[in-house]
Amino acid sequence: MGSCIHRDRLCDPACGCGNFLYVAYREMRNLESELKRRMVTLAEEKGLPVPPGPLPYYPLSGLHGMDILPVAVLIARITLWMGHRQMIETHGPAEDPLPLAELSNLRRADALRSAWPATDVIIGNPPFIGDRTIRRKLGDDYVEWLKKTFRVGVIDLSGYWFRRAAEQMEPGQRAGLVSTNTLRENKHRQGSLDYVVQRGGVITDAVSSQKWPGDAQVHVSITNWVMSPEDPPTEFTLDGEPVSGITTQLREGRAGWQPKRLAANKGRSFIGCQPTGDGFLLGADEAQKLLEDPRNAGRVRPYLTSRDLANSVDSAPTRWIIDFGTMPLEDAASSPALLDIVRLRVRPEREQAGGDLARLWWQLWRPRPAMRTAIADLDRYIVCTLTGKRFFTAWQTGLTCPSNAVGVIAADDDFTMGVLSSRAHDAWAWWWSSTMKSDLRYTPTSTFQTFPFPTAPSSRARDRVAEASRELHERRSALSRERGIGLTALYNLYDDGAFEDLHDRHRELDEAVATAYGWPVTIAQDGDELVARLSALNEQIITGEVDYSPWGP
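Residues numbered from 1 in each chain as written. Predicted model: local features only at pLDDT ≥ 70, side-chain atom pairs only at ≥ 80, totals over all residues. Heavy atoms only, no water.

1. Here's the deal with the nonpolar core
Here is step 1: Counting residues in hydrophobic clusters, the biggest one holds 50 residues, and the most contacted among them are Val419, Val465, Tyr491, Leu502 and Tyr517.
Here is step 2: Not counting the four nearest positions on each side in its chain, Tyr517 is found in contact with Val419, Phe451, Pro452, Phe453, Pro454, Leu534 and Leu537.
Here is step 3: Counting residues in hydrophobic clusters, the runner-up holds 38 residues, among them Ala14, Leu146, Tyr160 and Trp225. (Core = buried A, V, L, I, M, F, W, Y, C linked by side-chain atoms within 4.5 Å. Buried < 20%, exposed > 50% of the residue type's maximum accessible area, 1.4 Å probe, protein only. Contact = heavy atoms within 4.5 Å.)

Written out as structure tokens, the structure reads:
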């Protein structure tokens, strides 16, 4: 007791009004009281004298905190003084409540710019500011300082606290921090949780995602870790359940290899076009009338949205768009009726916005020239959902203009479509993509570019995947047309047990893809095993152990 908890130092480097410090103090006093009771019980059971008092207590001086707002620090001190009094009433005397304990360990400071005190445990709820809003809220100078100091680019602000904590901690010390659940994902994870593990941290207990109990519409994660433990932990808890280990994605598994982008996959996946101007969009009747003029051919195009992909019959576009691509204004002028529409419906809004939006007012804001080049010679290409509860793929003709809510894969062969439609790729997408609340958010850079396609499938294996893919998509399209429903409604029924033949076709495709990788068909629908094998294959490709040319020479 004398060499244990009353000497532990706790720090909340984003203490706010002191709630976390108050809870920590309360729990330390509760633990202290329990230990004292056990000492008395053990002494009585063994016939030993009860240790004379007064026994040590956990002092307020063991608590440290920082916050950038002076008023928050003042409130935090009041919170602890009140908590001190409550704990005396609950557990008996400790340090005198009056005069008030000196709490200079709670101070006003920018925790990212200031030295942290030497402590044994770090706790807290760092501020959440997303990478897309941090510059607006904190200013250019602060963001540039973050980039220069931490050298991980711009991530959610809470992620920088994880880095500071990892750098501060000594072997055996512990930390527990709350963050937005985006810290499990992509660059945010690489700049925070991956860094913790790289420095020797072992995540022992975590909540992967839960709704914030307050008014803010945000989902948070809770991560607890021990730094470079002398004895490796053997017990782990994730979302309240025992698990074998916890990865930096806050999923069950071993924290290890982080898949890298594969050079051969570059230039194959894209996000669709972003109009930034509703005036580009057309209804079907207006579009058909404009297409009567041959000068407008190829410039009035079916426009595919994520809603169309998921909900319209056969994933068909329901709207049209005026699309001048990247052509200069003088070329666009050869379609005067189209240019007049854009001049009337788009240009005023664009000029009000200023900058390039105004200068290139006749063009879609993000026309995606690299995507256009990649699919220019294809009669069809693959599209996929970027967000949603399911990952869907579908074919689109080369005439279709995909929206920026749709992913594009520059491929027209059934083998590639089959692999992308398989359980292997679906499991990879859910494992390595980010999430929006509980929905998948497919990101081409972290998902497609890291995904290893089969490295050396035989011609027979490729043909089997291609045939299974054709049969699956043909049957799926037929069901969609017969019932007048889209993929979401169709697969809701599928999940309820409908369409047994479609289940069979998915299984056949999954087994064909597993065979193309050279894996047993018994793992064809085992998501965890597939991800583990795909991760290992990614590592083998990156390290040069396996040649990788999925698209040919």
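2. What to know about the packing of helix H18 (residues 459-483) against helix H20 (residues 500-517)
Here is step 1: Contact pair H18 / H20: the axes reach a minimum separation of 9 Å and the direction vectors enclose 160°. If you check the angle between H18 and H20, you find them roughly antiparallel. The handedness of the crossing between H18 and H20 is left-handed. Facing Ala461, Arg464, Val465, Ala468, Ser469, Glu471, Leu472, Arg475, Arg476 and Leu479 of H18, the residues of H20 in contact are Asp501, Leu502, Arg505, His506, Glu508, Leu509, Glu511, Ala512, Val513, Thr515 and Ala516. (Axes fitted to C-alpha atoms, helices over the stretch in contact; angles between N-to-C directions. Helix = DSSP H or I, 4+ residues; strand = E, 2+ residues; numbered from the N terminus. Parallel < 35°, antiparallel > 145°, perpendicular 65-115°, else oblique. Left-handed = near helix turned anticlockwise from the far one by under 90°.)

3. Comments concerning the sheet that holds strand E12 (residues 300-304)
Here is step 1: The strand order across the open sheet formed by four strands is E11-E13-E12-E17, and the pairing between neighbours is mixed. Strand pairing shows two members of the sheet lacking a second neighbour, strand E11 (281-282) and strand E17 (401-402), which therefore form its edges.
Here is step 2: In this sheet, strand E13 (residues 319-322) lies alongside E11 in antiparallel orientation, the contact comprising two bridges. Of the residues in E13, the one forming a bridge with Leu282 is Trp320. (Pairing = 2+ DSSP bridges.)

4. Some details on the sheet that holds strand E4 (residues 121-124)
Here is step 1: The sheet built from nine strands is open, its strands ordered E3-E2-E1-E4-E5-E7-E6-E8-E9 with mixed pairing. In the strand order of this sheet, the two ends are held by strand E3 (106-108) and strand E9 (241-243), each with one partner. With direction set aside, neighbouring strand axes in the sheet form an average angle of 20°.
Here is step 2: Helix-sheet contacts for helix H5 (residues 157-168) involve E4, strand E5 (174-180) and strand E7 (219-227), and the interaxial angle to E5 is about 170°.

5. Describing the side chain of Thr447
Here is step 1: Structurally, Thr447 is set in helix H17 (residues 444-448).
Here is step 2: Its relative accessible area of 0% is what places Thr447 among the buried residues.
Here is step 3: Contact partners of Thr447, with chain neighbours within four places excluded, come to His425, Trp428, Ala429, Trp432, Ser433 and Tyr442.

6. Details of the packing of aromatic side chains
Here is step 1: Applying the stated rule across the entire model yields 16 aromatic pairs.
Here is step 2: Ring geometry for Trp428 versus Phe451: centroids 6.1 Å apart, planes at 65°, classification edge-to-face. Note that Trp428 is positioned in helix H16 (residues 423-432) and Phe451 in the loop between H17 and H18, a separation of 23 residues in sequence. Comparing Trp428 with Phe451 shows no difference in burial state: the two are buried.
Here is step 3: For the pair Tyr491 and Tyr494, a centre-to-centre distance of 5.0 Å together with 50° between the ring planes defines the contact as tilted. In this pair, Tyr491 and Tyr494 are both assigned in helix H19 (residues 487-495), three residues apart and thus about one turn of the helix distant. Exposure class is identical for Tyr491 and Tyr494. Each is buried. (Phe/Tyr/Trp six-rings, centres within 6.5 Å; stacked < 30°, edge-to-face > 60°.)

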